[in-house]
Amino acid sequence: DESSCELVIDSKGEIGIRLGGKIPASMKKNVYDTELVCTATELLCCKCGCQSGSQDKQRILCVHILAELYKLVRCMFGHRSEHILLYLVSRVVGCTVDGVVNPAPSDNDEDWMWRVSDWSDDEYASVKRSIIKMMSAAGEVISDSTLNRSIVELLDKFHTCTEQRKEWAQRCKVPPDPAQLGPISGMSFDSAVKQTQVAFKIDKVSEALKSDTPPSAQSNESKAAPESEPTNEASPTEPVNYLKILFLVNAFGYDMSTSTSVGQRLIVERAKKEMGADFQAAIQANDAAKIDIKNLVEASKSRSKAPKSESQKNNLQVKKTTRKPKPKSVSKPPRKMTRSESKKPPKKKDSRAHFKRCKYGNCGKTNRSNPELEFLKVPCWPVKQLKDTTPIEAVTNHYGKVIVREETLRRLSLPRTDMGTHYICEDHQFVTVKKSKTFRLRPTDRGTITLDYNITVPTKQTEERTLPSTTTKGLGSDRKINRLLHELKSSIADPALSAVSGNDPSLSLDTDEETPEKKVSALETENEHLRSEVATQNFGRMQDWEVAEGNERNPINPVNAVAAGLEPSVPTLTDRLPFSFELKSEKPGDGKRTYSQHSQHAPKVTLDITDAEVHRRTGFKTRDHLLTYVSVVCNGDISKIMMRSTVLTWFEEWFAHFEFKYGRTITRLIDLKAEYGPSVMDLRKMIQDKYSLEVGARDRWPTYVSHEEDCKLRKSKWDEKYGKFDDKKSLRVVMWDMTNIPACAFSDPNMNRITYSVYYAMNCFKGGVFVQLCGWMGTAPLWTGAVSDTDYNKRAGYIKEQHQFAKDDLVMVNGVR
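I will try to describe carefully the structure that is included in this document. (Residues numbered from 1 in each chain as written. Predicted model: local features only at pLDDT ≥ 70, side-chain atom pairs only at ≥ 80, totals over all residues. Heavy atoms only, no water.)

**Some details on the overall build of the protein chain**
Each helix and strand in the protein chain was counted, giving 28 helices and 16 strands. For the protein chain, the residues scored as buried account for 33% of the 817 residues in total. Of the contacts made within the protein chain by residues no fewer than 6 positions apart, 62% connect residues no fewer than 24 positions apart. (Helix = DSSP H or I, 4+ residues; strand = E, 2+ residues; numbered from the N terminus. Buried < 20%, exposed > 50% of the residue type's maximum accessible area, 1.4 Å probe, protein only. Contact = heavy atoms within 4.5 Å.)

**Some thoughts on the pairing of strand 4 (residues 43-48)**
Successive side chains on a regular strand alternate, one facing one side of the sheet and the next facing the other. Here 5 bridges tie strand 3 (residues 31-38) to strand 4, and the two strands are oriented antiparallel to one another. Residue pairing in the sheet places Glu35 in a bridge with Lys47 of strand 4. Linking two consecutive strands that pair antiparallel, namely strand 3 and strand 4, is a turn of 4 residues. (Pairing = 2+ DSSP bridges.)

**Details of the packing of helix 19 (residues 623-633) against helix 21 (residues 650-662)**
For the pair helix 19 and helix 21, the least separation of the axes is 12 Å and the interaxial angle reads 100°. Taken together, the axis directions place helix 19 and helix 21 in an arrangement best described as roughly perpendicular. Residues Leu626, Leu627, Tyr629, Val630 and Val633 of helix 19 form the contact with helix 21, whose own contacting residues are Trp650, Phe651, Trp654, Phe655, Phe658 and Lys661. Its residues assigned to classes, the contact of helix 19 with helix 21 shows 10 nonpolar, no polar and 1 charged. (Axes fitted to C-alpha atoms, helices over the stretch in contact; angles between N-to-C directions. Parallel < 35°, antiparallel > 145°, perpendicular 65-115°, else oblique. Nonpolar A, V, L, I, M, F, W, Y, C, P; charged D, E, K, R; others polar.)

**Overview of the sheet that holds strand 10 (residues 449-458)**
Here we have 3 strands laid out as an open sheet, ordered 9-10-11, and antiparallel in their pairing. A single partner strand is all that each edge strand has here, and the edge strands are strand 9 (430-439) and strand 11 (581-583). Taken over all neighbouring pairs, the strand axes of this sheet differ in orientation by 25° on average, direction set aside. Of the pairings in the sheet, the one linking strand 9 to strand 10 comprises 10 bridges and is antiparallel in character. Note that in strand 10 the partner of Lys435 across the bridge is Tyr453.

**Here we look at the environment of Leu266**
When you line up the elements, Leu266 lands in helix 9 (residues 262-277). The buried category is assigned to Leu266, whose relative accessible area is 0%. Taking the C-alpha atoms as reference points, Leu266 and Glu709, 443 residues apart in sequence, are found 7.6 Å from one another. Aside from chain neighbours lying at most four places away, what touches Leu266 is Trp701, Val705, Glu709, Leu713 and Trp776.

**Notes on helix 13 (residues 392-411)**
Relative to the 28 Å expected for 20 residues at 1.5 Å per residue, helix 13 spans 29 Å between its end C-alpha atoms, a close match to the ideal helical length. Across the 20 residues of helix 13, 15 count as buried, placing the element largely inside the fold. Downstream of helix 13 by a residue or two, Ser413 has a phi angle that is positive, lying close to 60°. (Expected span 1.5 Å × (residues − 1).)

**Some words on the pattern of salt bridges**
Counting across every chain of the model gives 31 salt bridges. A salt bridge links Lys365 to Asp427; the nearest nitrogen and oxygen atoms lie 2.5 Å apart. Separated by 62 residues along the polypeptide, Lys365 in the loop between helix 12 (339-343) and strand 7 (375-377) and Asp427 in the loop between strand 8 (423-425) and strand 9 bring together distant segments of the chain. Under the relative-accessibility criterion, Asp427 is labelled partly exposed at 40%. Glu694 serves as the salt-bridge partner of Lys661, at 2.9 Å between the closest nitrogen and oxygen. Placement of Lys661 in helix 21 and of Glu694 in helix 23 (residues 680-700) is noted, with a sequence separation of 33 residues between them. A relative accessible area of 10% places Glu694 in the buried class. In the salt-bridge network here, residues are joined through shared partners; they are Glu613, Arg616, Arg617, Glu659 and Glu675. (Salt bridge = Lys/Arg side-chain N within 4 Å of Asp/Glu carboxyl O.)

**Some details on the packing of helix 19 against helix 23**
Where helix 19 meets helix 23, the axes come as close as 9 Å, and the angle between the chain directions of the two elements is 70°. Comparing their axes, helix 23 and helix 19 come out roughly perpendicular. For the pair helix 19 and helix 23, contact is made by Tyr629, Val632 and Val633 and by Leu693, Glu694, Ala697 and Arg700, respectively. The class makeup of the residues in the contact of helix 19 with helix 23 is 5 nonpolar, no polar and 2 charged.

**A short note on the sheet that holds strand 4**
Across the sheet, which stays open at both edges, the 4 strands sit in the order 1-2-3-4 with antiparallel pairing between neighbours. Pairing within the sheet leaves two strands with one partner each, and these edge strands are strand 1 (4-9) and strand 4. When strand polarity is set aside, the average angle formed by the axes of neighbouring strands in this sheet is 15°. Sheet topology note: the strand 1/strand 2 (residues 15-24) ladder contains 6 bridges and is antiparallel. Looking across to strand 2, one finds that Cys5 is bridged to Leu19.

**A word on the packing of aromatic side chains**
What the rule picks out here adds up to 23 aromatic pairs. Ring geometry for Trp783 against Tyr792: centres 5.3 Å apart, planes inclined by 75°, an arrangement best described as edge-to-face. You can call Trp783 buried: its relative accessible area is 5%. Linked through ring pairs, Tyr704, Trp736, Phe770, Trp783, Tyr792, Tyr798 and Phe805 together constitute an aromatic cluster. (Phe/Tyr/Trp six-rings, centres within 6.5 Å; stacked < 30°, edge-to-face > 60°.)

**Some remarks on the environment of Leu386**
By the element assignment, Leu386 lies in the loop between strand 7 and helix 13. On a C-alpha basis, the gap between Leu386 and Pro443 in space is 7.6 Å, while along the polypeptide they are 57 residues apart. Non-local contacts of Leu386, meaning those with residues more than four positions away in its chain, are made with Val395, His398, Tyr399 and Pro443.

**Structural notes on the nonpolar core**
Ranked by size, the top nonpolar core spans 32 residues in total, and within it Leu626, Phe651 and Trp654 carry the most contacts. No other element matches the 6 residues that helix 21 contributes to this core. Leaving out residues up to four positions away in the same chain, Phe651 has contacts with Ser300, Val605, Thr606, Leu607, Ile609, Leu626 and Leu627. (Core = buried A, V, L, I, M, F, W, Y, C linked by side-chain atoms within 4.5 Å.)

**Comments concerning unusual backbone geometry**
Backbone geometry places Phe579, a non-glycine residue, at a positive phi of 60°. Here Phe579 shows up in the loop between helix 17 (558-563) and strand 11.

**Comments concerning the side chain of Gln772**
Tracing the backbone shows Gln772 in strand 14 (residues 762-772). Here Gln772 is in contact with Tyr704, Val705, Asp710, Val733 and Val734, once residues within four sequence places are set aside.

Given below as structure tokens:
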């Protein structure tokens, strides 16, 4: 080992330790050099050779540094504590070494021998605490009497020999407490993290109760709690109806009397006894089974919607609440008028129309000064709030009204959040523009969508004063373009003229050599070139005539546009209704998740499935064996057989349950979902419901078969050895053994300890199994794996249960039953 260790003293005078060594990486073959210095309470500095480790003056703590401290702790619990205590015994004055008491230090060895009386109270207490911790690490049992001893007495009491270490190692291997070993039915297998979270919540709630509730109220609540706790009384189990099971299986076309299965033959024997006791009931059960089988076959052909649970039915019921009657209003006598009020003349009602004022720029016209004018009201904000259930069309219309209101307020130079009522007179013009609005389709949606609207709003206040005119020549560049266009037109009209070529070399034409037709063609080509230049050139700052918000090109001077044969870019005055809107984007779809209608799909498995497929996927030998098992589990009750938790048919649910339960073809819920369709949550509930029916059937059936049934169903070779039922000496034999069911390794150390079996060398659960001579088998409750077979046999209680059954079912011994 290349580890190093030495004691150090920091700047505060505290004693620390310096550790160094090599720590291997967890996932690689690399080995890192680590070093650290720490005191009892602080980590002073560290260094590691890994990529994230601290170097030079960095203050980074990586995982490999903590491994050094862990190695120190293991060393202390191994043998280092024992060696340190031996060292102290030899240096403290008053301790006994080999029967000789350490003498007082002389002048020569004053630094070697330590006198306890020379230490201060704080030093003495600190050393004593450290000695007690090391004694505990070395295997010494610490009791209350140990804490009251002095340092010399503690060191003298400590035994340092091989036997002491053997006793300590033996104590580490002590099996768990038998009180912790028991049935798993009453245990919770939460992880260590979950247990910590629950404990933290309990502590938090208890602290809140202590701080908010006075002590007297807490004591009263603690006394009243046991009285309010409900008592769980065991409900009587339903008896097994062997007749219904037998007739229902026979209606499927399967005869259990010819089967070699002990369970099926037992059903036939017990059903015959019931039939002999009440023959009329047997006839009725047979007729009912024929009707039930028709319903089962019909229900297995197609799927239907999942039935509603009891909680859903309760939620749909309208709860009637008693409303308190409103108190009758007492009419108050009219108030008497005072003398001053009686002298005042009554107010005259204003017969004029409601005052309206145009908000467009500096218009200022009102309906009273201009009664012949019509005033248009600016749309108000939408009042109705949106919900998750609001239709998509209503949502888009809502935001269409919002964008019309926002754009109108902007054009009227009003605040965007203005809530007032405004009007515009009919003297002003309206245009149709394109605007976009970004919003959430549903209040709960995380993302947003953007829709485009064509809205009809008033023109801008600058547009009416600066409408384009064909007489305005614009800037210098505009006049140059206009001059070139006129020269081009004149040259096209009279090709013989050469003015254009003389004024602008770029437009020079060789009129002497070419024919007039070629000259006209060249001029037309040049005309097209100039038109393209006019349409694409940027002319700087121009008038902002708004035709549509998506237009990227700047408007052209009207004079040049007319000269080039282009239409002037002016605002489009619309004939649409003022303040109207139209959705231009594609109507969005509903953000709600659409689920596949599995209820409309055909069943994956039906009653027509072959026996080979049943055996391959579920383990049952034939389809009839599967249906017999279902009938036994449901006690022949068709309502339990057809009880569904999903959209699957009753046969699909049972088949899917067996596929997942036995794990022949499907081992995960996601695979079950991929095969049958319903969600994992619904499939999990379905499996839990089927398990509940199976557990109920196990509790419903008798544990043992009677001695008479055992003798009738077993092979004849057992009669020679143990006697027949009517013989003078007939024995009942029940053979027991132990078996295990593998379990995972738990994160909780205590749970991991009580479930680990040394015999099976694994974490498991153990339980008893029995078999009778006829082949009838049964099980006892599962216990934690650490329990021994002897302890299980003594405490499980199945021996007492078997003894009670033997009292009720007597056997023949020496001719006496």
